[in-house]
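# Topology and contacts: notes
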Amino acid sequence: MDVKARLSNYRVSPQKARLLANEVRGKGVEEALAILDLSTKRFAKPLAKLIRSALANAEDHNNKDKSGIDVDNLVVETITVDQGSRMWRIRARAQGRANWIQKRTSHIQVVLSEQ
């Protein structure tokens, strides 16, 4: 049985989020959390929180539905990082000109499954 957790419109560019997502994809949950705890990237904490949320969802499914998920054998099956909406800002430049700045957001979905 698969367990999902989703984070929408998080204020990090998808390219930077995919760097960490590729490191933990296919790893066990405990190993993935250890990798994220040691990472110096800013997105490591929210991604670890998202994986812990998916783990809590698995425990909740066990308590509610008696689905028999073994929480110790869960693996990060897939992590998808998609582009969210963009915020547009203006930066003042010389001689009265202006440049547009894009502030990118990401949608992240984590799927945990049993090994």
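Anything mentioned here points back to the structure above.
A brief report on the enclosed structure follows. All figures in this text were calculated on a predicted structure; none of them were measured in a lab.

The next subject is the packing of aromatic side chains. Taken as a whole, this structure holds 2 aromatic pairs when the rule is applied. For the pair tyrosine 10 and phenylalanine 43, a centre-to-centre distance of 5.7 Å together with 45° between the ring planes defines the contact as tilted. Here tyrosine 10, found in strand E1 (residues 3-10), pairs with phenylalanine 43, found in the loop between helix H2 (29-38) and helix H3 (44-65); they are 33 residues apart in sequence, far enough to count as distant. With a centroid separation of 6.1 Å and an interplanar angle of 80°, the aromatic rings of tryptophan 88 and tryptophan 100 are classed as edge-to-face. With tryptophan 88 in strand E2 (residues 74-92) and tryptophan 100 in strand E3 (residues 98-114), this pair connects stretches of sequence that are 12 residues apart. Given the relative accessible area of 42%, tryptophan 88 is considered partly exposed.

Before going further, it helps to spend a moment on unusual backbone geometry. Phi is positive for asparagine 9, which is not a glycine, with a value near 55°. Mapped onto the secondary structure, asparagine 9 falls in strand E1. Among the residues examined, asparagine 9 registers a relative accessible area of 43% and is labelled partly exposed.

Rules used in this analysis
Residues numbered from 1 in each chain as written. Predicted model: local features only at pLDDT ≥ 70, side-chain atom pairs only at ≥ 80, totals over all residues. Heavy atoms only, no water. Phe/Tyr/Trp six-rings, centres within 6.5 Å; stacked < 30°, edge-to-face > 60°. Helix = DSSP H or I, 4+ residues; strand = E, 2+ residues; numbered from the N terminus. Buried < 20%, exposed > 50% of the residue type's maximum accessible area, 1.4 Å probe, protein only.

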